[in-house]
Protein chains: 2
Amino acid sequence: MSTTPETAPKRGSRLPRLARRAQLLEAAQEVFVANGYHAAAMDDIADRAGVSKPVLYQHFPGKLELYLALLDSSCEAIVASVREALRSTEDNKQRVAATIHAFYDYVANAQGAFRLVFESDLTNEPAVRERVDRVTQACAEACSEVISADAGLNKEQSMVLAVSLVGMAQVSARYWLASDNPTLAQQQAADLVASLAWRGIRGFPRTES
Amino acid sequence: MSTTPETAPKRGSRLPRLARRAQLLEAAQEVFVANGYHAAAMDDIADRAGVSKPVLYQHFPGKLELYLALLDSSCEAIVASVREALRSTEDNKQRVAATIHAFYDYVANAQGAFRLVFESDLTNEPAVRERVDRVTQACAEACSEVISADAGLNKEQSMVLAVSLVGMAQVSARYWLASDNPTLAQQQAADLVASLAWRGIRGFPRTES
DNA sequence: CTGCACGCCGATCTTGACCTCCACGGAACC
DNA sequence: GGTTCCGTGGAGGTCAAGATCGGCGTGCAG
């Protein structure tokens, strides 16, 4: 309704399988993001794509598999962004900033794909839980390698710190998006959080006053 | 402990209304915590309490209201703990530590009530979303007052920082609980995160190198 | 002892959503 | 230009789960 400039909603057009599949995935993502898993109906997804339900089931075995396909894409996207951010420089301060910005970009863009990862309503499904947990785990592990190397902490300790930083980025980015604040741009908010994170993590091994 | 040494699961016993209601709430919390909202069946809750379904509906209008009653309790608990932690001292370093520890205590105790708040699978329901958001909002506002007062930042900026700290505490506490790590005690993990948070937030207004 | 009131239970209804069956239409090919 | 084939569409089955009605047993007053 508000913004649905779909690819080609002409009903009755015959598409090659891959194009149809892509269109179905896009439609499904819109519906899942807008309504969550449970409130999303397969009828809605089919209607949204301009096809009928059987075609949906010719491309995906069921609702769960369709959801998992989208979830996997979203998980890979954020993990890849974080890894890319960490690889983008050798300066740790820049690394922190780039990582925080990666989370903000992810939350701001991707047409809400982050909701599948960070606001899923299917976390009781083991397959979903496992993927969602692995995202935080993977991001934190990538961070913890840098932390552990530079701070001389053991694995468990650096993981706790890394998870804290990831949680900070994730929660604050979602908050920033929700209270969609025109007076505080994405860049500024992310810089502020990056500053907080960097002050916290820099030169960590020394025990302060 | 983990198993269920319930109050009085003898089937057929007649309880006064308030006692019955309390028992139903406890049973419902166990089931909701274990299974989430959607996977939790009213039959399970009734069975767990040792009564039949109609009594459940004589005490609560429906599943949602039952859930909201529990959710409200859990929300009030964590917000009260955070406010208490902030009030417990005038030393900001101690404040940070106490707040982080409040989150860890909340996650570790309360027989998993935190799952209703931080891992709810009903966030699409506006009533639930509103309550869950208000928890982060309220905790962050309580923190931001201290931050804003001592750091001289405006409301939006201090709120972003406060939300970041709350997210750090919340996510890291849940991670610590999930990877139930015998080698890293709750105290140590919380202290580590508190150290990270305090390094990050202390003396914030000055812009460093 | 007997009638009454009250809370509880077994069995049932209904809704809603995931998932398939029979008819149509257009394209390709001879 | 006719036939065959494949993808599409609407209508329906199934089932789980939330929500509800007629009996039953217990405790009390007279």
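Residues numbered from 1 in each chain as written. Chains lettered and ligands numbered in written order. Predicted model: local features only at pLDDT ≥ 70, side-chain atom pairs only at ≥ 80, totals over all residues. Heavy atoms only, no water.

What follows is about the pattern of salt bridges. Taken as a whole and judged by the stated rule, the model has 18 salt bridges over all chains. The salt bridge partner of A:D43 is A:K53, with a shortest N-O separation of 2.9 Å. Of the two residues, A:D43 sits in helix α2 (residues 42-49) while A:K53 sits in helix α3 (residues 53-59), which places them 10 residues apart along the sequence. Its relative accessible area of 36% is what places A:D43 among the partly exposed residues. A:K53 gets classed as partly exposed once you look at its relative accessible area, which sits at 35%. For B:E119, the salt bridge is made with B:R174, and the minimal N-O distance between the two is 3.0 Å. Of the two residues, B:E119 is situated in the loop between α6 (114-118) and α7 (126-151) and B:R174 in helix α8 (residues 155-178); the sequence distance between them amounts to 55 residues. The buried category is assigned to B:E119, whose relative accessible area is 17%. Overlapping salt bridges, with partners in common, bring together A:R115, A:E119, A:R174 and B:R129 in one network. (Salt bridge = Lys/Arg side-chain N within 4 Å of Asp/Glu carboxyl O. Helix = DSSP H or I, 4+ residues; strand = E, 2+ residues; numbered from the N terminus. Buried < 20%, exposed > 50% of the residue type's maximum accessible area, 1.4 Å probe, protein only.)

The subject of this paragraph is the interface of chain B and chain A. Interfaces are often described in size by the accessible area the parts lose on coming together. In this assembly, 46 residues from chain B lie in contact with 46 residues from chain A. Here chain B and chain A share an interface that buries about 3,900 Å² over both sides, 60% of which is from carbon and sulfur atoms. The largest contributions to the chain B side of the interface with chain A come from B:Y175, B:L196 and B:R199, which together make up 19% of the buried area. Counting across the interface, chain B meets chain A through two salt bridges. A salt bridge links B:E119 to A:R129; its shortest N-O distance comes to 3.5 Å. Remark: the boundary between chain B and chain A carries six residue pairs in polar contact (both at pLDDT 80 or more). Of all the elements in the fold, those that place two or more residues in the side of chain B that touches chain A are α1 (17-39), α5 (92-108), α7, α8 and α9 (186-201) of chain B. (Contact = heavy atoms within 4.5 Å. Buried area = accessible area lost by both parts, 1.4 Å probe. Polar contact = N/O pair within 3.5 Å; in protein donor to acceptor, adjacent residues only side chain to side chain.)

The next thing to look at is the protein's contact with DNA strand C. A:M42, A:K53, A:K63, B:S52 and B:P54 are the nearest of the 19 residues found near DNA strand C. Each atom of DNA strand C within 4 Å of the protein belongs either to a base or to sugar and phosphate, the latter forming 60%. A:Y57 is positioned with one of its side-chain polar atoms (N or O) 3.0 Å from a phosphate oxygen of DNA strand C. Sorting the residues of the surface near DNA strand C by element identifies α2 and α3 of chain A together with α3 (53-59) of chain B as the ones contributing at least two each. (Near = heavy atom within 4 Å.)

Moving on, we get to the packing of aromatic side chains. Using the criterion set out here, one finds 12 aromatic pairs over all chains in the structure. Judged by centre distance (5.7 Å) and plane angle (50°), the ring pair of A:Y104 and A:W176 falls under tilted. Of this pair, A:Y104 sits in helix α5 (residues 92-108) while A:W176 is found in helix α8 (residues 155-178), placing the two residues 72 residues apart along the sequence. Pairwise contacts between aromatic rings join A:F32, A:Y37 and A:Y67 into one cluster. Positioned over the ring face of B:F204 is A:R199, at 4.4 Å from the centre of the ring. (Phe/Tyr/Trp six-rings, centres within 6.5 Å; stacked < 30°, edge-to-face > 60°. Lys NZ or Arg CZ within 6 Å of the ring centre and 35° of its normal.)

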